[in-house]
Amino acid sequence: MRRPVPSTALLLLLPLLLLAGCTSAPGGGDDGDGGGAAADRWRPTPGTAWQWQLSGRLDTSVDVPVYDIDGFDHGEATVARLHEDGRKVICYVSTGAWEDFRPDADEFPAAVLGKGNGWEGERWLDIRATDVLEPLMAERLDMCREKGFDAVEPDNMDGYKNETGFPLTGEDQLRYNRLIAKLAHDRGMSVGLKNDLDQIPELVDDFDFAVNEQCAQYGECAENQPFIDADKAVFHVEYELPTERFCGDSRVLRLSSMLKKYELDAWREAC
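Reference entry: report on the structure contained in this document. Here the structure is a predicted model, which means the values were calculated and not measured. (Residues numbered from 1 in each chain as written. Predicted model: local features only at pLDDT ≥ 70, side-chain atom pairs only at ≥ 80, totals over all residues. Heavy atoms only, no water.)

**Examining the pattern of salt bridges**
Pairing between side chains becomes possible if they bear opposite charge and their charged atoms approach one another. Enumeration over the complete set of coordinates arrives at 18 salt bridges. A salt bridge links Arg 175 to Asp 172; its shortest N-O distance comes to 3.3 Å. A residue pair is termed a helical-turn pair when its members lie 3 or 4 positions apart in one helix, as Arg 175 and Asp 172 do in helix α4 (residues 170–186) at 3 residues. The class of Asp 172 is buried, set by a relative accessible area of 11%. Among the charged side chains, a network of salt bridges with common partners joins Asp 70, Asp 73, Glu 99, Arg 102, Asp 104 and Arg 140. (Salt bridge = Lys/Arg side-chain N within 4 Å of Asp/Glu carboxyl O. Helix = DSSP H or I, 4+ residues; strand = E, 2+ residues; numbered from the N terminus. Buried < 20%, exposed > 50% of the residue type's maximum accessible area, 1.4 Å probe, protein only.)

So this is what it looks like as structure tokens:
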């Protein structure tokens, strides 16, 4: 089960609104953003409330318009049930790290597996090896699409800033992140940029929203401003700060903020 990386590693990383409808563009068609028609994709706007649950029995009773859940652990029926309740649903998948507990784990050759990323059974991927990783990630995003998800949250998207075992550069990361965005867009789904604050200026046009962990704790929330300026939601969580320490600033910045436990179970305290 993917959870936020431990605090030591994080040093390296770092009013409820209505559902945002699909953004329309005259004539539809390809918008030139790396695949798919922008008019057909869900575009969450700043301040959109959300629930993020990656562990425990899924609680579908939280009164928010967006759910972010594990793509492997939940099937088409769960996504359909959330849709029936008027929710948009984000598919959590790891695209930058290998997980030994996933059903496709044996399909990853040893050559692309790097150092551990801080969680048992997980290792960074050599994102330079797109000939190997692109078809594997395409299969994962096919899974998300086939289950009916509206969007994708690809995790571990900033390996270049970590000790991965590979000499990854910022350019390697930009290339790979744009590839993941294109794969999602080609399948008609929205896609969020996970953390990777330093590359937001270069990537904001390629992604439809952002997902951020602990920007308040590390004094980095203002770095998400390009997404807000582009009228794109920033889904944000803190784990160690009480809500009174960050909610005021989050409202000013128009972030979609809440307090969660590290295990990302159903519990939440929203701003």
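**Re the pairing of strand β6 (residues 122–125)**
Inspection of the sheet shows strand β4 (residues 97–99) paired to β6 by 3 bridges, in the antiparallel sense. The partner of Glu 99 across the bridge, within β6, is Glu 122. Relative to β6, strand β5 (residues 113–116) runs antiparallel, the two sharing 2 bridges. Looking at the pairing, Leu 113 lines up with Leu 125 of β6. Turn length for the β5-β6 hairpin, with the two strands adjacent in sequence and antiparallel, is 5 residues, and the turn residue Gly 118 shows positive phi of about 110°. (Pairing = 2+ DSSP bridges.)

**A word on the packing of aromatic side chains**
According to the stated counting rule, one finds 5 aromatic pairs in the structure shown. With centroids separated by 5.4 Å and ring planes inclined at 25°, the aromatic side chains of Trp 50 and Trp 52 adopt a geometry described as stacked. Residues Trp 50 and Trp 52 agree in their burial class; the two are buried. Consider the rings of Trp 50 and Phe 235, whose centres lie 5.1 Å apart with planes at 40°: the pair is tilted. Here Phe 235 lies in strand β10 (residues 234–238) and Trp 50 lies in the loop between α1 (7–13) and β1 (51–53), a separation of 185 residues in the sequence. Using a relative accessible area of 0% as the deciding quantity, one classes Phe 235 as buried. Clustering of aromatic rings is evident, with ring pairs tying together Trp 42, Trp 50, Trp 52, Phe 209 and Phe 235. (Phe/Tyr/Trp six-rings, centres within 6.5 Å; stacked < 30°, edge-to-face > 60°.)

**Quick word on the state of the cysteines**
Applying the stated criterion to the full structure yields 3 disulfides. In this model Cys 215 forms its disulfide with Cys 221; the gap between the sulfur atoms is 2.0 Å. One quick way to see it: the torsion about the S-S bond of Cys 215 and Cys 221 is about 85°, and its sign makes the bridge right-handed. In this structure Cys 215 comes out as buried when scored by relative accessible area, which is 0%. Here Cys 247 is linked by a disulfide to Cys 271, with a sulfur-sulfur distance of 2.0 Å. Across the disulfide from Cys 247 to Cys 271, rotation about the S-S bond amounts to roughly -80°, and the bridge is consequently left-handed. Here the residue Cys 247 occupies a position in helix α7 (residues 247–253), and Cys 271 occupies one in the segment after β12 (269–270), the gap between them amounting to 24 residues. (Disulfide = S-S within 2.5 Å.)

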